[in-house]
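Summary of structural features
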Amino acid sequence: EPEVTQTPSHQVTQMGQEVILRCVPISNHLYFYWYRQILGQKVEFLVSFYNNEISEKSEIFDDQFSVERPDGSNFTLKIRSTKLEDSAMYFCASSVREDRGEVDGYTFGSGTRLTVV
Amino acid sequence: GQNIDQPTEMTATEGAIVQINCTYQTSGFNGLFWYQQHAGEAPTFLSYNVLDGLEEKGRFSSFLSRSKGYSYLLLKELQMKDSASYLCAGRSNDYKLSFGAGTTVTVRA
């Protein structure tokens, strides 16, 4: 079964450092997303990406965050200057969405646990 | 945006049935999803409703009433491995998912 792959699985970084989280979406999917989940809290939408541009972003996704699709397979989330409160599990997801009758929603990656110290 | 409410936790016995309710308030509703999440892992898709009624998938069923802004997930013949968090998520017309805080289900022997 096709998978969304995320690397690394764990990342520890010092406050103020830049981090890049990487994702390889499912190959025929066209829409890509980042979500995050702070420990013990709900999954929160960060950003959606289609046709090489951001289609929607949440209030969380401020100027410290950016996304990129540098080639045909990777989708990255960059946090420019990490803060302690950025510590969370970050999930990448992708979907087809060509057919609005699609019933199985998103496919989530296994996540990157980011710890800012 | 969407506001999703679901109970915090539920406990049931192995072999029993549990029903997890979810209410939502949304602008531009485009489907209601249920995901299962084990601690430290990614959400995995369970079911999806966009029209009113019951969708059955093996031991799991999900129901939707759009007029009431209400859904439930029914887990039958509970197994120990069903102990997890169950996430209700509403999809809006922009295909963004808004998640509830999740319901932690504990299955006891």
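Everything below is about the structure shown above.
Scope of this entry: the structure provided in the associated data block. (Residues numbered from 1 in each chain as written. Chains lettered and ligands numbered in written order. Predicted model: local features only at pLDDT ≥ 70, side-chain atom pairs only at ≥ 80, totals over all residues. Heavy atoms only, no water.)

1. Here's the deal with the environment of valine 105 of chain B
Residues and elements named next belong to chain B.
- Note that valine 105 resides in strand E11 (residues 103-108).
- Sequence spacing of valine 105 and tyrosine 48 is 57 residues, and the spatial spacing of their C-alpha atoms is 20 Å.
- Once residues within four sequence positions are removed from consideration, valine 105 is found in contact with Met10, Ile20, Asp82, Ser83, Ala84 and Tyr86. (Helix = DSSP H or I, 4+ residues; strand = E, 2+ residues; numbered from the N terminus. Contact = heavy atoms within 4.5 Å.)

2. A closer look at the pattern of salt bridges
All names here are of chain B.
- Within this structure, the stated rule accounts for five salt bridges over all chains.
- Of the charged contacts in the structure, one is a salt bridge between arginine 66 and aspartate 52, with a shortest N-O distance of 3.0 Å. One end of the pair, arginine 66, is in the loop between strand E7 (60-65) and strand E8 (70-75); the other, aspartate 52, is in the loop between strand E5 (44-49) and strand E6 (53-57), and 14 residues separate them in sequence.
- Residue classification places arginine 66 among the partly exposed positions, given a relative accessible area of 42%.
- In this structure aspartate 52 comes out as partly exposed when scored by relative accessible area, which is 44%.
- Its salt-bridge partner being aspartate 82, residue arginine 59 comes within 2.7 Å of it at the nearest N-O pair. Separated by 23 residues along the polypeptide, arginine 59 in the loop between E6 and E7 and aspartate 82 in the loop between E8 and strand E9 (84-92) bring together distant segments of the chain. (Salt bridge = Lys/Arg side-chain N within 4 Å of Asp/Glu carboxyl O. Buried < 20%, exposed > 50% of the residue type's maximum accessible area, 1.4 Å probe, protein only.)

3. Some points on the sheet that holds E8 of chain B
Residues and elements named next belong to chain B.
- Pairing in this open sheet of five strands is antiparallel, and the strands run E1-E3-E8-E7-E6 from one edge to the other. Pairing within the sheet leaves two strands with one partner each, and these edge strands are strand E1 (2-5) and E6. Averaged over all pairs of adjacent strands, the angle between strand axes in this sheet comes to 20°, irrespective of strand direction.
- Sheet topology note: the E6/E7 ladder contains five bridges and is antiparallel. Bridged to glycine 53 within E7 is leucine 64. (Pairing = 2+ DSSP bridges. Axes fitted to C-alpha atoms, helices over the stretch in contact; angles between N-to-C directions.)

4. Here we look at the environment of arginine 36 of chain A
All names here are of chain A.
- Along the chain, arginine 36 falls in strand E4 (residues 31-37).
- C-alpha of arginine 36 to C-alpha of phenylalanine 91: the two residues are 55 residues apart in sequence and 5.8 Å apart in space.
- Excluding its chain neighbours within four sequence positions, the residues that come into contact with arginine 36 are Lys42, Val43, Glu44, Leu46, Ile60, Glu85, Asp86, Ala88, Met89 and Tyr90.

5. A look at the pairing of E5 of chain B
- Examined bridge by bridge, strand E4 (residues 29-37) of chain B and E5 of chain B share five bridges and lie antiparallel to one another. Bridge pairing in E5 of chain B places tyrosine 35 of chain B opposite phenylalanine 45 of chain B.

6. A word on the interface of chain B and chain A
- Tallying the contact residues gives 19 residues for chain B and 20 residues for chain A.
- Taken over both partners, the interface formed by chain B and chain A buries close to 1700 Å², and the fraction arising from carbon and sulfur atoms is 56%.
- On the chain B side of the contact with chain A, Tyr95, Lys96 and Phe99 of chain B bury the most area, a combined 35% of that side's loss.
- Put simply, chain B and chain A have three residue pairs in polar contact (both at pLDDT 80 or more) between them.
- For the side of chain B that touches chain A, the secondary-structure elements that each account for two or more residues are E4, E5, E9 and strand E10 (97-99) of chain B.
- The dominant element in the side of chain B that touches chain A, judged by the number of residues it contributes, is E4 of chain B, at three residues.
- Among the residues forming the side of chain B that touches chain A, the class breakdown is 11 nonpolar, four polar and four charged. (Buried area = accessible area lost by both parts, 1.4 Å probe. Polar contact = N/O pair within 3.5 Å; in protein donor to acceptor, adjacent residues only side chain to side chain. Nonpolar A, V, L, I, M, F, W, Y, C, P; charged D, E, K, R; others polar.)

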